[in-house]
Amino acid sequence: MGKKIFSGVQPTGNLHLGNYIGAIKNFVSLQNEKDNNCVFCVVDLHAVTVKQDPKILKNSIRETTAAFLASGIDPDKSIIFNQSLVPAHSEASWILGCIARMGWLNRMTQFKEKAGKDKEKASVGLYIYPVLMAADILLYDASHVPVGEDQKQHLELSRDIAQKFNIDYEAHEFFKVPEPLIQKNFSRIMSLKDGMKKMSKSDPSDLSRINLTDTNDEIAIKIKKAKTDNEILPASEKNLKERPELENLLGIYSSLKNQSLKISISEFGGKNFSDLKKKLTDLAIEKISPISSEIKKIQSDNTYIDNILLKGAEKANKIAGKKVYEMKKIIGF
Ligand code: AQP
């Protein structure tokens, strides 16, 4: 039997290599596996947990959709839609918010990181973000959720919420308990400027990430300026942990080349950083430039993008609307 897949990406601009390697690349492989049913969502309700400019948000929703399509997600095989077009997500999120415990949410590290020191000023939405994520996943009875490593904790929370609802309402197996699908290797791509920080859309420095819409020149400059140390490259995996920037560049190279880290290390052992950077630049351009030009091509036709989202939302509404209706019946509404 195939897998039921659900995953989402926030339309917060600057889709980067981390989003691609950690998530979107896997979406495409999962879509192309026989018998899988895939739902890929542009999670715009999640995006407004921090303030967004309405015009930029609208554009980002389309850009994220274009990135899905340009990377190989096929609207005839997978459901593609934006979350705000399907009211069941907000409805289910409220109900599940009454299931989730404060103690569970207080443990979420992403909230702590994103809220920073002044958490009194963070939105309530940012705090309950993982509950909305649970609603997204559970409404589609997803068996598997492909995400980057940074989302593992939120997925565990979704599992806890599903189990508690099933127990509290004696609704045996009403919610399917989803499994995370996190790649063993290269599941967390780090900033080009700091090997200890994840590559992120919201990093103020554009040099910290390679965007899927970057030109070839921009990719080359960013890799050239990526942080490095002064030592030659090692011939074995030993000591790589103490050289996070090197580990990251080798990881990106390996992932884009679909080869193991071990093979990449044997390719570059004893050489200089400049050798790795040169080959990585060529490879990154080879892989990203077709996606980047396809994104631009697709983005020139907003009606085409909007129609895909509308058609996807129709299909999603049928599935999610039915599930939320059943949820309401179970709880006595
Ligand atoms: N650096 C990363 N390495 C591997 N995977 C990553 N993902 C994000 N960053 C990395 C994965 O991409 C998917 C979509 O992420 P998202 O847009 O929903 O939110 P995020 O995790 O908050 O991504 P960003 O880029 O870091 O955005 P900001 O800066 O707005 O917080 C997810 O599966 C995620 O794991």
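Residues numbered from 1 in each chain as written. Predicted model: local features only at pLDDT ≥ 70, side-chain atom pairs only at ≥ 80, totals over all residues. Heavy atoms only, no water.

(A) Examining the overall build of the protein chain more closely. When helices and strands are counted, the protein chain shows 13 helices and 5 strands. Taken against the 2.2 N^0.38 rule, which gives 20 Å for 333 residues, the C-alpha radius of gyration of the protein chain at 21 Å falls within 12% of a compact globule. Principal-axis analysis of the C-alpha atoms gives the protein chain an extent of 65 × 45 × 45 Å. Here the protein chain holds 333 residues, and the buried ones make up 51% of them. Taking the contacts inside the protein chain whose residues are at least 6 apart along the sequence as the reference set, 75% of them involve residues at least 24 apart. Accessible area of the protein chain: about 16600 Å², with a carbon and sulfur share of 52%. (Helix = DSSP H or I, 4+ residues; strand = E, 2+ residues; numbered from the N terminus. Rg over C-alpha atoms; globule rule 2.2 N^0.38 Å. Buried < 20%, exposed > 50% of the residue type's maximum accessible area, 1.4 Å probe, protein only. Contact = heavy atoms within 4.5 Å. Areas by Shrake-Rupley, 256 points an atom, 1.4 Å probe, with all protein chains shown as cover.)

(B) Quick look at the nonpolar core. In terms of nonpolar packing, the biggest core is built from 57 residues, with Leu17, Ile21, Phe27, Phe68, Leu250, Ile252 and Leu276 touching the most fellow members. Here this core gets 10 residues from one element, more than from any other, and that element is helix α12 (residues 273–299). If we ignore the near neighbours within four places in the chain, the residues touching Phe68 are Val9, Ile24, Phe27, Phe40, Cys41, Val42, Ile73 and Ile80. Ranked by size, the runner-up nonpolar core spans 46 residues in total, among them Val43, Ile79, Val145 and Ile331. (Core = buried A, V, L, I, M, F, W, Y, C linked by side-chain atoms within 4.5 Å.)

(C) Local environment of the layout of surface pockets. Of the voids in this model, the largest pocket is the one considered here, and its volume is about 1100 Å³. Contributing to the lining of the largest pocket are 45 residues, with Gln10, Gln110, Lys114, Asp150 and Lys198 lying nearest its centre. In terms of residue class, the lining of the largest pocket is made up of 19 nonpolar, 17 polar and 9 charged. Counted as a void, the second largest pocket has a volume near 370 Å³. Taken together, 17 residues make up the lining of the second largest pocket; nearest its centre are Phe186, Ser187, Arg188, Lys241 and Glu247. Its residues assigned to classes, the lining of the second largest pocket shows 7 nonpolar, 5 polar and 5 charged. (1 Å grid on protein atoms, 1.4 Å probe; cavity = no way out; pocket = protein on both sides within 12 Å on 5 of 7 lines; lining within 4 Å. Points joined across faces, edges and corners; volume = space filled by probe spheres on them. Nonpolar A, V, L, I, M, F, W, Y, C, P; charged D, E, K, R; others polar.)

(D) Representation of the packing of aromatic side chains within the structure. Following the criterion strictly, the structure yields 10 aromatic pairs and no others. Aromatic side chains Phe6 and Tyr140 sit 5.3 Å apart centroid to centroid with 20 degrees between the ring planes, which places their arrangement in the stacked category. Of this pair, Phe6 sits in strand β1 (residues 4–9) while Tyr140 sits in the loop between α7 (124–139) and β4 (144–146); the two residues are 134 residues apart in sequence, bridging distant segments of the chain. According to the relative accessible area criterion, Phe6 is buried, its value standing at 3%. A relative accessible area of 4% means that Tyr140 is categorised as buried. Counting every residue linked through ring pairs, the aromatic cluster contains Phe165, Tyr169, Phe174 and Phe175. Stacked on the ring of Phe174, the Lys or Arg Lys323 has its end atom at 3.9 Å from the ring centre. (Phe/Tyr/Trp six-rings, centres within 6.5 Å; stacked < 30°, edge-to-face > 60°. Lys NZ or Arg CZ within 6 Å of the ring centre and 35° of its normal.)

(E) Broad picture of the pairing of β1. Direction of pairing for β1 relative to strand β2 (residues 37–42): parallel, over a ladder of 6 bridges. Paired with Phe6 across the two strands is Val39, which belongs to β2. (Pairing = 2+ DSSP bridges.)

(F) Up close: helix α1 (residues 17–31). The end-to-end C-alpha distance of α1, which contains 15 residues, comes to 20 Å, matching closely the 21 Å that a straight helix rising 1.5 Å per residue would cover. Residue Ala23 marks the point of greatest curvature in α1, where the axis turns by about 35 degrees. By the criterion of burial, α1 is predominantly enclosed, with 13 of the 15 residues buried. (Expected span 1.5 Å × (residues − 1). Bend = angle between axes of the 7 residues up to and from the residue.)

(G) A look at the environment of Thr12. Following the sequence through the fold, Thr12 ends up in the loop between β1 and α1. Overall, Thr12 belongs to the partly exposed group, its relative accessible area being 25%. Along the sequence, Thr12 and Cys98 sit 86 residues apart, while their C-alpha atoms lie 28 Å from each other. In terms of polar contacts, Thr12 uses its side chain to reach the side chain of Lys201, at 3.2 Å. (Polar contact = N/O pair within 3.5 Å; in protein donor to acceptor, adjacent residues only side chain to side chain.)

(H) Region of interest: the packing of helix α10 (residues 244–257) against α12. In the contact formed by α10 and α12, the axes pass within 10 Å of each other and the chain directions differ by 40 degrees. The angle between the axes of α10 and α12 places the two elements in the oblique class. At the point where α10 passes α12, the crossing takes the left-handed sense. Contacts from Leu246, Leu249, Leu250, Ile252, Tyr253, Leu256 and Lys257 in α10 reach Phe273, Leu276, Lys277, Lys279, Leu280, Leu283, Ala284 and Lys287 in α12. Looking at the contact of α10 with α12 residue by residue, the classes come out as 11 nonpolar, no polar and 4 charged. (Axes fitted to C-alpha atoms, helices over the stretch in contact; angles between N-to-C directions. Parallel < 35°, antiparallel > 145°, perpendicular 65-115°, else oblique. Left-handed = near helix turned anticlockwise from the far one by under 90°.)

(I) Examining the site of the ligand more closely. Around the ligand, 23 residues are found, and the nearest of them are Lys114, Asp150, Ser200, Lys201 and Ser202. Gln151 is positioned such that a nitrogen or oxygen atom in its side chain is 3.4 Å from an oxygen atom of the ligand. Between the ligand and Ser202, the relevant distance is 2.5 Å, taken from an oxygen atom to a side-chain nitrogen or oxygen of the residue. Contact with the protein chains removes 96% of the 650 Å² of surface that the ligand exposes when unbound. At a threshold of 2 Å from the grid points, most atoms of the ligand map onto the largest pocket. When contributions to the shell around the ligand are tallied by element, the ones reaching two or more residues are β1, α1 and α6 (109–115). Of the residues forming the shell around the ligand, the biggest block, 4 residues, is contributed by α1. Residue composition of the shell around the ligand, by class: 5 nonpolar, 13 polar and 5 charged. (Near = heavy atom within 4 Å. Sits in = over half its atoms within 2 Å of the grid points.)

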